[in-house]
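Notes for the structure review
Given next are the chains, with one letter for each unit.
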Amino acid sequence: MERQEIEIFLTLAKELHFGRTAESVGVSQSRVSQTIARLERRIGAKLFDRTSRQVTLTPIGEQLKADLAPAWRGVGEAVARAMSAGRGITGALRIGFSGAFTGHLLHNITEVFGRQHPGVDVQIRQVQISDPFGPLRAGDVELQVTEPPVAEPDLTLGPVLVSQPRVLLMSSAHPFAGRDSVNIEDLAEATLLTVAGNVPAHWLDHHFPRQTPSGRPIPHGQAMTHWEDALSLVLAGKGVTPVAAAGAHYYSRPGLVFKPLTDSPDIDYALVWPTGHETARLRAFVRVAMEEVSRVGGPARAVESLWTGEGQGA
């Protein structure tokens with residue numbers, strides 16, 4: 001069988017539609033029909049049953065698909081590995097993330113990236129909020145998804161991968177819990193948890209402001225060193241904290257309430273890497289990541305796609 005014959009057969013076996021197969025392979029619909037007819041004559045049996053309403057595989061067609069698909073996939077992976085090696089896209093790529101949903105998104109992107117660059121071993125690990133840039137500077141990770149602002153001369157801020165509305169996490173016993181929403185001015189009447197550790201002052205001031213827009217002081221409470229600390233501190237009534245709206249999907253539990261923070265900008269999650277340390281595999285991953293985000297509708301839709309199935313690299 002010729003390469004295009006295999007591609008047309010396997011695509012039709014997946015799509016079960018001559019028009020979609022023609023569009024996917026980039027040939028005319030008549031070419032698809034002619035190729036299948038030629039294969040059936042060569043094999044001496046029908047591969048597909050066709051009516052005016054549907055296309056189905058025959059038992060022989062099912063067997064041919066089962067035999068061919070792994071070998072064809074192996075050919076594609078071998079070619080991809082050779083191309084990646086030729087471009088220097090090999091080795092290990094260590095990537096850091098801060099929140100559960102960005103880790104989830106990175107794993108989905110890695111599946112797509114792995115099909116294109118099977119010679120790269122992508123390793124994903126969580127970075128603690130108490131030392132957001134330490135792993136990048138130590139070389140423990142080469143690329144990271146983190147929340148701007150990033151005003152660090154030794155780090156390069158890349159494109160925004162996802163964006164999320166900012167909400168306020170509080171205990172169900174908190175006075176704000178009965179409201180539909182909260183604004184930044186309201187924070188003067190609450191205790192705001194903050195972050196301890198090796199965290200830039202400009203980053204803290206952006207995400208954990210010390211005063212409201214009118215100038216009223218915002219009380220700061222206990223500082224956390226791990227994200228999980230926020231959940232226990234909030235449940236204990238020690239304060240409130242701003243988080244991404246996606247947190248309600250991953251961390252919802254009895255006693256926690258997430259309220260929209262109406263006058264606060266969305267939280268962006270951008271790609272960051274050490275300045276001057278770009279590699280071919282890093283650039284390739286950033287390209288694939290942004291292509292996947294664009295495919296599902298942009299940074300604002302990327303997280304929602306995790307729960308609708310759009311972000312599965314189909």
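This is a predicted model, so every value here is computed, not measured.

**Things to note about the packing of helix 2 (residues 18-25) against helix 3 (residues 29-43)**
Between helix 2 and helix 3, the shortest axis-to-axis distance is 8 Å and the interhelical angle comes to 105°. The pairing of helix 2 with helix 3 is recorded here as roughly perpendicular in orientation. Each of F18, G19, T21 and A22 in helix 2 lies in contact with helix 3, whose residues at this interface are Q29, V32 and S33. Of the residues assigned to the contact of helix 2 with helix 3, the class counts are 3 nonpolar, 4 polar and no charged.

**Let's talk about helix 5 (residues 100-116)**
Taking 1.5 Å of rise per residue, the 17 residues of helix 5 would be expected to cover 24 Å, and the 25 Å separating its terminal C-alpha atoms lies within 8% of that figure. When we look at burial in helix 5, the residues that qualify are F101, T102, G103, L105, L106, N108, I109, T110, V112 and F113.

**Remarks on the side chain of T212**
On the secondary structure map, T212 appears in the loop between helix 7 (201-207) and strand 9 (220-224). Residue class for T212 comes out buried when judged on its relative accessible area of 2%. Here E185 takes part through its side chain, which lies 2.7 Å from a polar atom of the side chain of T212. Once you skip the residues sitting within four places of it in the chain, T212 turns out to touch I184, E185, A188 and I218.

**Comments concerning the confidence of the model for the protein chain**
Confidence in the prediction for the protein chain averages 90 pLDDT; 93% of positions are at 70 or higher. Element-level mean pLDDT values for the protein chain span from 74 in helix 11 (residues 299-308) up to 97 in strand 7 (residues 166-171).

**Section: the nonpolar core**
For soluble globular proteins, nonpolar side chains are generally found buried alongside one another. Within the largest apolar cluster, 33 residues are counted, with the highest numbers of intra-cluster contacts made by F113, L143, L161, V162 and F285. Broken down by secondary-structure element, the contributors of at least two residues to this core are strand 3 (91-97), helix 5, strand 4 (120-126), strand 5 (143-146), strand 6 (155-164), strand 12 (267-274), helix 10 (280-295) and helix 11. At 7 residues, helix 10 tops the list of elements feeding residues into this core. Judged by nonpolar contacts, the second largest core, of 32 residues, contains L168, F176, L193 and A230.

What counts and how
Residues numbered from 1 in each chain as written. Predicted model: local features only at pLDDT ≥ 70, side-chain atom pairs only at ≥ 80, totals over all residues. Heavy atoms only, no water. Axes fitted to C-alpha atoms, helices over the stretch in contact; angles between N-to-C directions. Helix = DSSP H or I, 4+ residues; strand = E, 2+ residues; numbered from the N terminus. Parallel < 35°, antiparallel > 145°, perpendicular 65-115°, else oblique. Contact = heavy atoms within 4.5 Å. Nonpolar A, V, L, I, M, F, W, Y, C, P; charged D, E, K, R; others polar. Expected span 1.5 Å × (residues − 1). Buried < 20%, exposed > 50% of the residue type's maximum accessible area, 1.4 Å probe, protein only. Polar contact = N/O pair within 3.5 Å; in protein donor to acceptor, adjacent residues only side chain to side chain. pLDDT = per-residue confidence, 0-100. Core = buried A, V, L, I, M, F, W, Y, C linked by side-chain atoms within 4.5 Å.

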